[in-house]
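# Structural description and commentary
Each chain is listed here by its residues.
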Amino acid sequence: MTDIEQRVAELLAELADATPVGERSTATARRPSAGEVSDHEKYPVRPLAARRHRHSRRRELIVAGAAVAVILLLVGLLVLVRDDRSPVSVSAATLDVDTAALGSGRMAVVIENDLYVADGPTGAVWKLTDVGKGEEVSNVSFSHDGEWVAFTIHDESGLWVSRWDGTERHRIGRAPTSYTWSPVEDQLAYATQDQVRVARADGSSRALKLSLAPEPDTRIVWSPGGTGVAFVHIGGGTTREALEDTAEPEWGSTYTVPAAEVIAWPSAEVLLVAQVRSGSSRSLSAALMLSVATVELTEFQLGTGGDGEPSVSTANDATASLTPKRDAVDRCDLRTSTCTRIDLPRAFPGPARVVLSPDGQRWAVLGAGSNGTSVLSVLGSGAVGALELGTTGRGTLDGWALEAEPPLWLDNSALVVRVDERSVERIDVVSGARTTLVIGDRFLPPADDYPGGTGLAYWAPR
Amino acid sequence: MNDPDALEQLFRDRWVEMVRLARLLTGSMAGAEDLVQDAFVRVAGRPDGLEGVESPSAYLRAAVVNACRSEQRHEIVVRRHQPRSPDPEMPGYLGEFADALASLPERQRSAIVLRHHCDLGDQDIAALLGCRRSTVRSLVKRGLASLREVIEP
């Protein structure tokens, strides 16, 4: 436990002890008895409601109705104001962005809780949000053609979509648990507490007819052709687990699989699902390969007790997985179920994140170094090896590797990484050349609220 | 556990602890006791009592956390526009800490309290808040970063 954690724990205990507790802590407190608890009229859910019974019920309803109407009116006005808010053009002087280094691509980055998009070809930088303190922009990603960008605003505003220059902004959902862009169209699938919906970039959406509700925090993946989505439903309190494979016009096919998460849908025939074994922290200890047509399952080990989240390549029909450990990476062939250990050039004192290049031939591992630095190891064909990146300015990088966005591949030879709390860099993985893309005053990586949540996104024309 | 005496014992044993937890989670003394009593009533109102509940204490804590989070969603807008009145009997540094804690976003505050007051792990906190473990770590880190400004000015 660090000094600050120790001090917070002490202050919380002191604050708790300073809390005066009323007489209901004694045996005279009004508490439920065996007879009362079965009588809902005598025992309303909220005790305060009992006192309200002395008042006219009708009067209460009128007042409540009027209050709701006023609130709805105010909320509606607020939504209109927010929807009509224009994006703000930002110059490179106020936000230090090297747009030339972006090439023909676009980058979206969260700085100081707000979202900026920088365009390489035009050199334009746009600020897409203006959120208040306490809210966070996160889970940023581009549509397949780079024309639209989606993001979430916490804790209240939900999922938004706008063109990359901030125009035509729409709120898609108020409380989605996850979302994923279609690989072929300007539409995205997102999950709410009990629905999976597909929304177009113009803001219109429809609910899929499903026999099972999505699991909270579920990951949704699209089929390669964009005609189906898959997610996992886990029966509450039982061992029943099912996979939803939906493909128009027959939405709602259900397969039962012993899995907790859908990972990827790399080809029409193969869907990858995985299970987090209890007692194994932060790691998938097994995964399953599923042939959608025949529901044929093959189980194999991704790794045992890894320190970081495994990464599965979506290249080459997802034939490889990587599980980072403190001093090595387990590389597993998903078809032969064989794994090899690859030693890292620099060991990490804490957990690391690993990401495969688009062609699956190189991989980047981001973790904390030993002296308050972050270290990036790039391995594979002709890659540069270990690079020391930067520091947080606080002398420690506890948890940085897990909380910072994973390295983002621009192509097979270059990636973007948030090196510390101030800057984002472009790194050539063959030469080791580094270019600072963005410098902010001070920013933290956004909360990883949804599967794949990130404050960094990049798009380039194919 | 479908025994009224056992329920009463749970009430006696946990009342103070739960009220203090509610006070930390909501950032306010006002209504903390009512919230906890609501939680007790809901627990007691289950058709099967606590039959089949592996850990009544943990179940009760989850009910209190849910009640506090639900209440805060209603109060969040009000609190943003209302200055908090300091407790005159509270030392200055503790009042500043209480204010800083209360000003955190609800999920950050909940994660901080559950981690550093209740000593819960990532998995348990994630289950209570309905989020991923990595989110818990991020929420705690962000919350600590904000509190650091008060504790180490």
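Residues numbered from 1 in each chain as written. Chains lettered and ligands numbered in written order. Predicted model: local features only at pLDDT ≥ 70, side-chain atom pairs only at ≥ 80, totals over all residues. Heavy atoms only, no water.

## A short note on the side chain of Glu425(A)
Residue and element names in this part refer to chain A. Summarising the element assignment, Glu425 is placed in strand 32 (residues 423–428). Classification of Glu425 as buried rests on a relative accessible area of 10%. Side chain to side chain, Glu425 and Arg434 meet in a polar contact 2.7 Å long. Apart from the residues within four sequence positions on either side, Glu425 is in contact with Leu415, Val416, Val417, Val419, Arg434, Thr435, Thr436 and Leu437. (Helix = DSSP H or I, 4+ residues; strand = E, 2+ residues; numbered from the N terminus. Buried < 20%, exposed > 50% of the residue type's maximum accessible area, 1.4 Å probe, protein only. Polar contact = N/O pair within 3.5 Å; in protein donor to acceptor, adjacent residues only side chain to side chain. Contact = heavy atoms within 4.5 Å.)

## Digging into the packing of helix 1 (residues 3–17) of chain A against helix 5 (residues 106–116) of chain B
Relative to each other, helix 1 of chain A and helix 5 of chain B sit at 90°, their axes nearing to 10 Å. With respect to each other, helix 1 of chain A and helix 5 of chain B are oriented roughly perpendicular. In contact with Glu5(A), Val8(A), Ala9(A) and Leu12(A) of helix 1 of chain A, helix 5 of chain B contributes Ile112(B), Val113(B) and His116(B). Considering only residue class, the contact of helix 1 of chain A with helix 5 of chain B consists of five nonpolar, one polar and one charged. (Axes fitted to C-alpha atoms, helices over the stretch in contact; angles between N-to-C directions. Parallel < 35°, antiparallel > 145°, perpendicular 65-115°, else oblique. Nonpolar A, V, L, I, M, F, W, Y, C, P; charged D, E, K, R; others polar.)

## Some points on the confidence of the model for chain A
Low pLDDT means the predicted coordinates in that region are not meant to be read closely. When pLDDT is averaged along chain A, the result is 70, and 58% of the positions lie at 70 or above. Low pLDDT, under 50, characterises residues 245–251 of chain A; the stretch is placed with 24 contacts to residues that sit more than four places away or in other chains. (pLDDT = per-residue confidence, 0-100.)

## Considerations on the pairing of strand 23 (residues 320–324) of chain A
When a strand is regular, its side chains alternate between the sheet's two faces. All names here are of chain A. Counting buried residues in strand 23 gives five out of five residues, a clear majority hidden from the surface. Along strand 23, one buried face is formed by Ala320, Leu322 and Pro324 and the opposite face, lined by Ser321 and Thr323, is buried too. In terms of strand pairing, strand 23 meets strand 24 (residues 328–333) through five bridges, oriented antiparallel. Its bridge partner lying in strand 24, Leu322 is registered against Arg331. Count of turn residues in the strand 23/strand 24 antiparallel hairpin: three residues. (Pairing = 2+ DSSP bridges.)

## Some words on the sheet that holds strand 33 (residues 434–439) of chain A
Two strands in a sheet stick together by hydrogen bonds in their backbones, pointing the same way (parallel) or opposite ways (antiparallel). Residues and elements named next belong to chain A. Taken in spatial order, the five strands make up an open sheet running 2-33-32-31-30, and their pairing is antiparallel. Looking at which strands have only one partner, the edges of the open sheet turn out to be strand 2 (96–97) and strand 30 (408–409). Pairing of strand 31 (residues 414–418) with strand 32 involves five bridges; the strand directions are antiparallel. Across the sheet, the residue bridging to Leu415 is Ile427, located in strand 32.

## Thoughts on helix 2 (residues 32–44) of chain B
Residues and elements named next belong to chain B. The end-to-end C-alpha distance of helix 2 is 18 Å, a good match for the 18 Å that 13 residues give at a rise of 1.5 Å each. Across the 13 residues that make up helix 2, a large majority, 11, are buried. All of the buried residues in helix 2 are Ala32, Glu33, Leu35, Val36, Gln37, Asp38, Ala39, Phe40, Val41, Val43 and Ala44. (Expected span 1.5 Å × (residues − 1).)

## Points about the packing of aromatic side chains
Each aromatic ring pair is summarised here by two numbers: the centre-to-centre distance and the angle between the ring planes. Enumeration over the complete set of coordinates arrives at three aromatic pairs over all chains. Between Trp15(B) and Phe40(B), the ring centres sit 6.3 Å apart and the planes meet at 35°, which makes this aromatic pair tilted. With Trp15(B) in helix 1 (residues 4–26) and Phe40(B) in helix 2, this residue pair connects regions lying 25 residues apart in the sequence. With respect to burial, Trp15(B) and Phe40(B) carry one shared label: buried. An aromatic cluster is built from Phe11(B), Trp15(B) and Phe40(B), whose rings are joined through pairwise contacts. The ring of Trp160(A) is capped by Arg169(A), whose NZ or CZ atom sits 5.3 Å from the centre of that ring. (Phe/Tyr/Trp six-rings, centres within 6.5 Å; stacked < 30°, edge-to-face > 60°. Lys NZ or Arg CZ within 6 Å of the ring centre and 35° of its normal.)

## Notes on the sheet that holds strand 13 (residues 205–207) of chain A
Residues and elements named next belong to chain A. The strand order across the open sheet formed by four strands is 10-11-12-13, and the pairing between neighbours is antiparallel. The two strands at the open ends of the sheet, each matched to only one other strand, are strand 10 (178–181) and strand 13. The mean angle between the axes of side-by-side strands here comes to 20°, regardless of whether they run parallel or antiparallel. Relative to strand 11 (residues 187–191), strand 10 runs antiparallel, the two being bridged by four bridges. Bridge pairing in strand 11 places Trp181 opposite Leu188.

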